[in-house]
Structures are given as C-alpha cells and as structure tokens.
Amino acid sequence: MRPFASLARVAGRGVIAAPLLILGASAVLAAVFLPRNEVPLETTSARPAILDAFRWPMPAWMPPPPVPDDITMTPDLVDLGRHLFYDARLSVDGQTACASCHQQELAFSDGRPVGVGAHGTIGHRNSPTLANVGYMPTLTWANPHFTTLEFQALVPLFGTEPVEMGMAGQEGALFTRLAADPYYADAFPAAFPERPAPDLYTITRALGAFQRTLISLNSPYDRATYYGEADAMSDAARRGQALFFDHRLECYHCHTGALISDNLQTARTPFPENAFHNTGLYNIGGTGAYPAGGLGLYEFTGVPSDMGRFRTPSLRNVAVTAPYMHDGSIATLEEVIRHYAAGGRTITDGPHAGAGHENPYRDSLIGGFEVSDAEIADLTAFLESLTDQDFLTDPAFADPWPDGHPASANRVMPLN
C-alpha cells in the first residue's frame with residue numbers, strides 16, 4: 001500500500017516543486033495514491049452513469065480520462081476489450097493482434113523503428129506507447145482527425161496504406177469468427193446487453209474501453225514527487241530533474257504536466273490541449289522538407305509551416321520505448337538529448353542530408369543548449385525514473401488468453 005502524503009508534506013521533504021506547479025489544478029485535488037480497491041468513488045468519473053459501474057485505478061490527484069457519451073465503462077466491457085486487444089484473429093493473417101505492435105513490457109510500444117503489420121508489411125510510423133492513451137486528444141503522430149480511440153481503432157483494423165491488420169472487406173468473416181468463440185458468445189452480451197453480437201460498434205468500443213484503463217502514474221518520479229518517498233529517485237535522477245525543469249534546457253515547455261507532454265485532456269478539462277512541433281529532425285536540401293511518408297501535420301493541412309510538425313509524445317516510460325521520434329530514427333535517449341542540444345539533427349550525406357537546426361519551420365523552442373556528458377547522464381537517469389514498473393507488469397493489462405488458444409497460438413509479438 002502506498003503511504004498517504006499531502007502536498008505540503010511532500011514539499012516539506014525537499015522535493016523539487018517545479019513539476020507540481022506545472023501540473024496545474026489537477027495536482028491540488030489531493031496527493032494520495034490508493035490501491036485499486038480503495039479508490040474514492042468521487043474520483044472515478046465526472047459522469048454519474050459511470051460512477052455506479054466502474055472504478056478507475058487512479059491516484060486522487062489525477063482526473064480520469066474522458067469517455068464518449070455513448071459508452072458506459074464496466075468491468076465486462078474492459079475485459080472484452082482486453083481479450084480483443086490480444087486476439088490475432090482480428091487480422092487477415094491470424095498472426096497480428098493489437099498487442100503485436102503494443103507489448104506491455106515495452107509500455108505498449110514495440111521496440112521497432114516502425115510498426116510491422118499483417119504478412120510482414122512495414123509501416124510508416126514508430127508505434128507509440130499506449131500508456132495513458134485515453135488522455136491524448138490526438139491519437140496518432142500527426143493526424144488531427146483521430147480524436148477518439150473508437151474511431152482510431154478502425155485504421156489498424158481496416159486501413160490499407162499501410163496494411164496493419166488487413167481486414168478491409170473482411171468484416172463479415174471477422175464478426176462470424178468472433179461470434180463462434182465460446183468466450184465471446186458470453187462476453188459480448190455481458191458487455192452490450194442491448195447489442196449482443198460482434199460488430200464494428202461493439203468491437204471498437206470494447207477496444208477503446210480497455211485502452212482507457214492503461215493508466216501509468218506510479219513511477220519513481222511520481223512516488224518521490226507526490227507520495228513522499230524521498231529515496232524513490234537516485235541523486236543522479238534528481239539532478240537530471242533539476243536540469244529538465246531548468247530554463248537553460250527548456251525541456252519542460254513541451255514536456256509538461258501529468259503526461260509530461262503538452263497534449264492532454266481529462267474528464268474535467270473544458271477543452272483538449274493539442275500541440276505539434278517541428279524539432280529539426282530533417283531539413284532535406286535546406287528546404288525544410290521531411291522524407292516522403294513522414295511530412296507531419298502538413299500532410300493533412302497543406303500549410304507549409306506544418307511541415308515536420310508531430311505530436312509531442314508523453315515521456316512516461318520513455319526509457320523502455322526506444323527507438324525514438326515518429327520514424328524511430330534515433331536509437332537512444334542520449335542521442336535524443338544530443339539532438340535537442342544541437343537544436344536539430346545534421347545529416348551530412350545521403351538523400352536526407354541537411355542541417356536540422358537551419359530548418360525554416362523548426363519550432364522556436366528548439367534553440368539548442370550546452371550540456372556536458374555528466375549532465376546527459378543525469379538527464380538520462382531522470383528519464384529512467386519515469387518508468388512505472390507496476391504498469392509494465394500489471395496482470396490487469398496482460399494477455400488473458402491461455403497458451404495454445406486460437407486467439408494467441410499463431411500470434412507474433414515484438415519481443416519474440
């Protein structure tokens with residue numbers, strides 16, 4: 001059980017206060033972390049219809065994620081979504097599940113530069129972590145139209161460019177396949193009493209419900225900052241924390257708040273906070289161009305200044321989600337820090353050659369800074385302190401299918 005600690009008690013133990021100020025109103029609700037079976041009812045949701053049915057596994061200082069009005073969170077719905085998430089029968093090759101690009105040990109990322117879909121199809125984007133994905137107002141690296149988990153689920157299931165799960169035109173076969181499974185024969189009616197059969201509505205809403213429960217807020221950083229566990233972070237991590245929130249490096253301008261990102265929405269925020277940035281990753285030929293297939297927000301807006309602008313990822317669990325950037329082109333945290341220290345990446349030769357710090361569309365916040373090797377080590381230690389080991393091993397998020405079950409027998413996982 002986590003010890004209870006007020007914000008005043010935490011501050012009194014000498015914990016750096018800057019992150020608390022940046023968190024804003026959500027941080028002053030309370031600073032207690034309760035086990036799942038002791039979460040106060042009043043913290044579970046803003047909508048009374050949900051309060052009687054589902055209890056969010058939440059620290060009291062963080063509101064729950066928003067839930068669409070046509071969904072009522074229930075344990076049956078979440079359990080159905082977890083089974084679907086790990087079921088490779090949702091793909092055309094019977095080998096690709098949602099979990100094939102989002103593995104729990106990797107904070108629901110996959111360790112690859114870009115995702116790999118059905119029949120080994122190579123994708124265009126790095127598979128982002130799903131930790132706290134319910135709080136993200138935009139659900140891909142750059143497409144501003146994907147604002148709900150239910151809508152976004154249709155893309156990996158039925159998208160064709162690139163193929164991920166490859167079920168376009170196979171909807172009827174998918175519904176028949178799921179309906180024939182004994183688990184689903186009971187699970188769909190339990191989750192949807194008024195709509196008991198597998199269809200696009202029930203499948204996507206169950207997947208969305210499970211993903212909203214992937215809440216990760218119990219890292220050493222959290223325990224030291226909010227719960228009064230002074231020894232949860234190492235001295236190096238504390239020095240790195242001071243650097244991270246220092247004006248000299250400016251990291252916190254884009255990586256801020258509860259998600260350590262400038263993208264956030266909760267059940268209590270009046271509007272979503274969305275932010276996209278060009279970090280000077282490319283500057284092909286000195287024109288500001290990015291490689292084809294990775295143009296960022298520009299691909300959807302056609303506005304030149306949107307070239308290379310991508311959503312700011314959360315840094316929670318970042319130490320286990322390498323490689324980094326939208327295309328997985330940076331391998332380590334040290335390389336990421338050096339990229340920002342240089343104010344952009346310089347590629348000296350090849351088709352992508354160019355000096356990123358001279359990109360005309362580079363965000364003004366990416367100005368570069370001086371940093372020593374020792375400071376890079378401390379920053380890395382701080383970023384490692386954002387790893388929530390409980391989240392990576394929580395059985396509530398793990399594969400529910402028994403060994404040899406048709407849902408998982410042929411499933412390909414990223415760490416295999």
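Let us look at the structure shown here. (Residues numbered from 1 in each chain as written. Predicted model: local features only at pLDDT ≥ 70, side-chain atom pairs only at ≥ 80, totals over all residues. Heavy atoms only, no water.)

1. Section: the environment of F300
Along the chain, F300 turns up in helix α11 (residues 298-301). Filtering out sequence-adjacent residues up to four positions away, F300 remains in contact with A142, N143, P144 and H145. (Helix = DSSP H or I, 4+ residues; strand = E, 2+ residues; numbered from the N terminus. Contact = heavy atoms within 4.5 Å.)

2. Considering the packing of helix α10 (residues 235-244) against helix α13 (residues 373-384)
Remark: α10 packs on α13, axes separated minimally by 7 Å, with the N-to-C direction vectors making an angle of 100°. Taken together, α10 and α13 sit at an angle that is classed as roughly perpendicular. For the pair α10 and α13, contact is made by A236, A237, R239, G240, Q241, L243 and F244 and by E375, D378, L379, A381, F382 and L383, respectively. Each residue belonging to the contact of α10 with α13 can be placed in one class, and the counts come to 8 nonpolar, 2 polar and 3 charged. (Axes fitted to C-alpha atoms, helices over the stretch in contact; angles between N-to-C directions. Parallel < 35°, antiparallel > 145°, perpendicular 65-115°, else oblique. Nonpolar A, V, L, I, M, F, W, Y, C, P; charged D, E, K, R; others polar.)

3. With respect to helix α6 (residues 171-179)
Buried within α6 are the following residues: L174, F175 and L178. An end-on view of α6 places all buried positions within 95° of arc, on one side of the element. Check the buried side of α6 and you find it contacts α4 (75-85), α5 (149-158), α7 (182-191) and α8 (200-212). (Buried < 20%, exposed > 50% of the residue type's maximum accessible area, 1.4 Å probe, protein only. Arc of directions from axis to C-beta.)

4. Description of the nonpolar core
In terms of nonpolar packing, the biggest core is built from 94 residues, with L80, L84, F85, I203, F244 and L383 touching the most fellow members. F244 has contacts with C251, Y252, H255, I260, L315, L379, F382 and L383, leaving out every residue within four places of it along the chain. (Core = buried A, V, L, I, M, F, W, Y, C linked by side-chain atoms within 4.5 Å.)

5. Looking at the packing of aromatic side chains
The final tally for this structure, using the stated rule, is 22 aromatic pairs. Between F244 and F245, the aromatic rings sit 5.1 Å apart at their centres with planes inclined by 70°, giving edge-to-face as the arrangement. Across this residue pair, the class does not change: F244 and F245 are buried. Centre to centre, the rings of Y282 and Y290 are 5.3 Å apart; their planes meet at 70°, and the pair counts as edge-to-face. Across the pair, exposure class does not vary: Y282 and Y290 are buried alike. Taken together, the ring pairs in this structure connect W61, Y221, Y226, Y227, F244, F245, Y252 and F382 into an aromatic cluster. Over the face of the ring belonging to Y282 we find R345, whose NZ or CZ atom lies 4.7 Å from the ring centre. (Phe/Tyr/Trp six-rings, centres within 6.5 Å; stacked < 30°, edge-to-face > 60°. Lys NZ or Arg CZ within 6 Å of the ring centre and 35° of its normal.)

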